[in-house]
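Residue-level structure breakdown
These are the residues of each chain, in order.
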Amino acid sequence: ELFEQDGAEAVTVDQIARQAGTNRTTFYLHFEDKTDIAFKIRSRYRYGDIESITRYLTGTNGVSRNDISKWIRHRARFFLKHRAIIKLGTESLNKKPELMREFLDQTIEILSAGFAGFLAKFGQDEREFVLDELLLCSVMLNRYLYITVIQDLKLPFKKAPDAIVEIWFNLLSRQPGNHKTIKK
């Protein structure tokens, strides 16, 4: 709440502790710094992420490009609403690369739960491959939203939103046996 209201840079550890009804010492028993708290807050968003995937992308009649566009707009609004905490959480990943493994594990958990029905139609090897594709697409989408929503940069790629929808559509339209892996 403080991060969104005052901006992450302006919020102090004392303010966070006071808002939580505790003190600095107790804060530092649980968190290394305020970027650490931002990363931990992100895990609370997990259930909302799963719910949005379920709501927008797991219809009984398959998924349409329009469904994907709605989901991406929903994600963009989420990024806008939680801009300060997302920015700080991303900074925590940059400062502490060891958190990246935890972040990726959380993302895989979200994707596995949100796309459980879609993933279930694939055999084990193919399911792992498709889950890797979902992870890569998710990272790409989140990076795109970070650049365009959090950093408010205007990219020179006019068709990028359409391209992202098409990439997701092709992935979510996949049927078992329709992927080729590179032989080692």
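Scroll up a little and you will see the structure.
Residues numbered from 1 in each chain as written. Predicted model: local features only at pLDDT ≥ 70, side-chain atom pairs only at ≥ 80, totals over all residues. Heavy atoms only, no water.

1. Digging into helix H10 (residues 124–150)
Each α-helix turn comprises 3.6 residues. Residues three or four places apart therefore point the same way. Its 27 residues place the ends of H10 37 Å apart at the C-alpha level, agreeing with the 39 Å of an ideal helix rising 1.5 Å per residue. Asp152 sits one or two residues past H10 and shows a positive phi near 55°. (Helix = DSSP H or I, 4+ residues; strand = E, 2+ residues; numbered from the N terminus. Expected span 1.5 Å × (residues − 1).)

2. Quick notes on the nonpolar core
Ranked by size, the top nonpolar core spans 46 residues in total, and within it Leu57, Ile68, Phe115, Leu134, Trp168 and Leu172 carry the most contacts. For this core, the element with the most residues is H10, which contributes 11 residues. Excluding residues that lie within four positions of it along the chain, Trp168 makes contacts with Ile68, Trp71, Phe115, Leu134, Cys137, Ser138, Met140 and Leu141. (Core = buried A, V, L, I, M, F, W, Y, C linked by side-chain atoms within 4.5 Å. Buried < 20%, exposed > 50% of the residue type's maximum accessible area, 1.4 Å probe, protein only. Contact = heavy atoms within 4.5 Å.)

3. Here we look at the packing of helix H5 (residues 46–57) against helix H8 (residues 99–114)
As a packed pair, H5 and H8 sit with axes 9 Å apart at the nearest point and diverge in direction by 35°. Regarding H5 and H8, the two cross each other, and that crossing is right-handed. Of the residues in H8, those in contact with Arg46, Asp49, Ile50, Ile53 and Thr54 of H5 are Gln106, Glu109, Ile110, Leu111, Ala113 and Gly114. Split into classes, the residues belonging to the contact of H5 with H8 amount to 5 nonpolar, 3 polar and 3 charged. (Axes fitted to C-alpha atoms, helices over the stretch in contact; angles between N-to-C directions. Left-handed = near helix turned anticlockwise from the far one by under 90°. Nonpolar A, V, L, I, M, F, W, Y, C, P; charged D, E, K, R; others polar.)

4. Quick look at the environment of Gln124
Following the sequence through the fold, Gln124 ends up in helix H10. Between the C-alpha atoms of Gln124 and Tyr146, which are 22 residues apart in sequence, the distance is 32 Å. Among the polar contacts listed, one links the side chain of Gln124 to the side chain of Arg127, at a separation of 3.0 Å. A polar atom in the side chain of Gln124 sits 2.8 Å from the side chain of Glu128. (Polar contact = N/O pair within 3.5 Å; in protein donor to acceptor, adjacent residues only side chain to side chain.)

5. Some points on the packing of aromatic side chains
All told, the structure shown has 6 aromatic pairs when counted by the stated rule. Pairing Phe27 with Tyr28 gives two aromatic rings, centres 5.2 Å apart and planes at 90°, and the pair type is edge-to-face. Given a relative accessible area of 4%, Phe27 falls into the buried group. Ring geometry for Phe27 versus Phe31: centroids 5.2 Å apart, planes at 40°, classification tilted. Each of the two residues, Phe27 as well as Phe31, counts as buried. Here a set of aromatic residues connected by ring pairs shows up, and it is made of Trp71, Phe115, Phe118, Phe122 and Trp168. The ring of Phe169 carries Arg65 above its face, with NZ or CZ at 3.9 Å from the centroid. (Phe/Tyr/Trp six-rings, centres within 6.5 Å; stacked < 30°, edge-to-face > 60°. Lys NZ or Arg CZ within 6 Å of the ring centre and 35° of its normal.)

Purely spatial values, then, with no claim about function.
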